[in-house]
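Okay, here's what each chain looks like letter by letter:
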Amino acid sequence: MTPDDRSRIDAYLEMQAVERAASENTLAAYRRDLKDAAAFLSTQGADLASADREDLTAYQRALSDEGFSAATIARRISALRQFYRFEVEDGLRDTNPAQGLSSPDATRHVPKVLSRDDVGALLAACEGEDSKDVRDLCILELVYSAGLRASEVCALPMAALHTVRDGYIRVLGKGQKERLCPVGGPAQRALDDWLIERHAHLPKKNRDAAERFVFPSGGVDGHISRRTLQNIIRDRSLRAGLNAADISPHTLRHAFATHMLQGGADLRTVQVLLGHADISTTQIYTHLLTEDLADMLAAAHPLAQSSRKK
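Residues numbered from 1 in each chain as written. Predicted model: local features only at pLDDT ≥ 70, side-chain atom pairs only at ≥ 80, totals over all residues. Heavy atoms only, no water.

Caption draft 1: Examining the overall build of the protein chain more closely. Secondary structure assignment for the protein chain yields 15 helices and two strands. When the 310 residues of the protein chain are sorted by exposure, 42% land in the buried category. Within the protein chain, contacts between residues at least 6 apart in sequence are counted, and of these 56% link residues at least 24 apart. Here the protein chain has roughly 16,700 Å² of accessible surface; of this, 50% comes from carbon and sulfur atoms. (Helix = DSSP H or I, 4+ residues; strand = E, 2+ residues; numbered from the N terminus. Buried < 20%, exposed > 50% of the residue type's maximum accessible area, 1.4 Å probe, protein only. Contact = heavy atoms within 4.5 Å. Areas by Shrake-Rupley, 256 points an atom, 1.4 Å probe, with all protein chains shown as cover.)

Caption draft 2: Here's a closer look at the packing of aromatic side chains. The final tally for this structure, using the stated rule, is six aromatic pairs. Summarising the aromatic geometry, the rings of Tyr 12 and Phe 83 are spaced 5.7 Å apart at their centres and angled 85° between planes, so their arrangement reads as edge-to-face. Placement of Tyr 12 in helix H1 (residues 3-19) and of Phe 83 in helix H4 (residues 70-89) is noted, with a sequence separation of 71 residues between them. Here Tyr 12 matches Phe 83 in class, with each residue buried. An angle of 55° between the planes, with centres 5.7 Å apart, marks the rings of Tyr 12 and Phe 86 as tilted. One end of the pair, Tyr 12, is in helix H1; the other, Phe 86, is in helix H4, and 74 residues separate them in sequence. For Tyr 12, a relative accessible area of 0% puts it in the buried group. Judged by its relative accessible area of 10%, Phe 86 falls in the buried class. Of the aromatic side chains, those joined through ring pairs into one cluster are Tyr 12, Tyr 30, Phe 83, Tyr 84 and Phe 86. (Phe/Tyr/Trp six-rings, centres within 6.5 Å; stacked < 30°, edge-to-face > 60°.)

Caption draft 3: View of helix H6 (residues 131-146). Across its 16 residues, H6 extends 22 Å between first and last C-alpha, which sits within 8% of the 22 Å expected from 1.5 Å per residue. The opening residue of H6 is Asp 130, an N-cap whose side-chain oxygen sits 2.7 Å from the backbone nitrogen of Lys 132. Directly beyond the C-terminal end of H6, a positive phi value near 65° is found at Gly 147. (Expected span 1.5 Å × (residues − 1). Polar contact = N/O pair within 3.5 Å; in protein donor to acceptor, adjacent residues only side chain to side chain.)

Caption draft 4: Fine view of the environment of Leu 101. Among the structural elements, Leu 101 can be located in the loop between H4 and helix H5 (116-124). Leu 101 gets classed as buried once you look at its relative accessible area, which sits at 6%. Residues Leu 101 and Arg 81, 20 residues apart in the sequence, show an inter-C-alpha distance of 8.4 Å. Apart from the residues lying within four places of it in its own chain, the contact partners of Leu 101 are Arg 53, Leu 56, Thr 57, Gln 60, Ile 77 and Arg 81.

Caption draft 5: Spotlight on the pattern of salt bridges. On inspection of all chains with the given rule, the structure shows 16 salt bridges. Linking Arg 75 and Asp 33 is a salt bridge whose minimum nitrogen-to-oxygen distance equals 2.8 Å. Of the two residues, Arg 75 is situated in helix H4 and Asp 33 in helix H2 (residues 24-43); the sequence distance between them amounts to 42 residues. With a relative accessible area of 40%, Arg 75 lands in the partly exposed category. Classification of Asp 33 as buried rests on a relative accessible area of 5%. Across the salt bridge formed by Glu 178 and Arg 170, the nearest N and O atoms sit 3.2 Å from each other. (Salt bridge = Lys/Arg side-chain N within 4 Å of Asp/Glu carboxyl O.)

Caption draft 6: Structural detail: unusual backbone geometry. Even without being a glycine, Ala 21 presents a positive backbone phi close to 50°. Examined against the element boundaries, Ala 21 turns out to sit in the loop between H1 and H2. Positive phi values are uncommon outside glycine, yet Asn 206 reaches one of about 60°. Within the secondary structure layout, Asn 206 lies in the loop between helix H8 (185-198) and helix H9 (207-210). Accessibility expressed as a relative area gives 30% for Asn 206, which makes it partly exposed.

Spelled out as structure tokens, the structure:
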């Protein structure tokens, strides 16, 4: 990647951080995608600054030839489209070479969802008197009770707990947008138990930063990492006799949304609780409910039953 491309990417990411309050994860994803495009263009004797529509079409075709999924290709083309839009608005280019570049249809897969029994088994696998058991139960209860993202639970600040006695916490999600997340009785009890243990687990290293977070760590950020969270879920899944490969922090978030809808919550409410900017993102869960309704119809409707007897 040329120094000029690097400076242009840095300028774009600075705008995303300052003007759009993009999260660190979002900025890292944009950087990876743009660096990948720049690396390809360099093999074609071009760079981000000089690339035209033909260059970007060749890049898209190369991604497809390498077997990348439609979702990945669509994301990378979107990153380029937004990058060049910024360049045009900043007067660095006259036209956006990625504008109108067709993105492959990204099939949105129905997420895997744990049943209520599976969630119960996962939480039961945290039972114990060890402080790690107490911490892990608190983490999983919060993710499932409040539908938190992995980044949100890892970096959950102590300040978010000021309203927990009212049954909710204040979470700063994507784009620095604050939302209220429900915390049920079991999660509140798990949180109470962890807060008793928490002080003894504050690290000596980076203590000032760690004291700000519900789940502190001696790392640079002061809180547990996403890798730590994934390891917790993997270990507890194995202990519960579940397939650890199918369970992630997002799986619990999916379970929260689906079980809310199955319990009678409307889609708009679930959208707000999840912090989705667009309700179309939340609508993926209706596919799961449709499958449930079809099974209920086949089992309970008299005409469906009679047709099976024939």
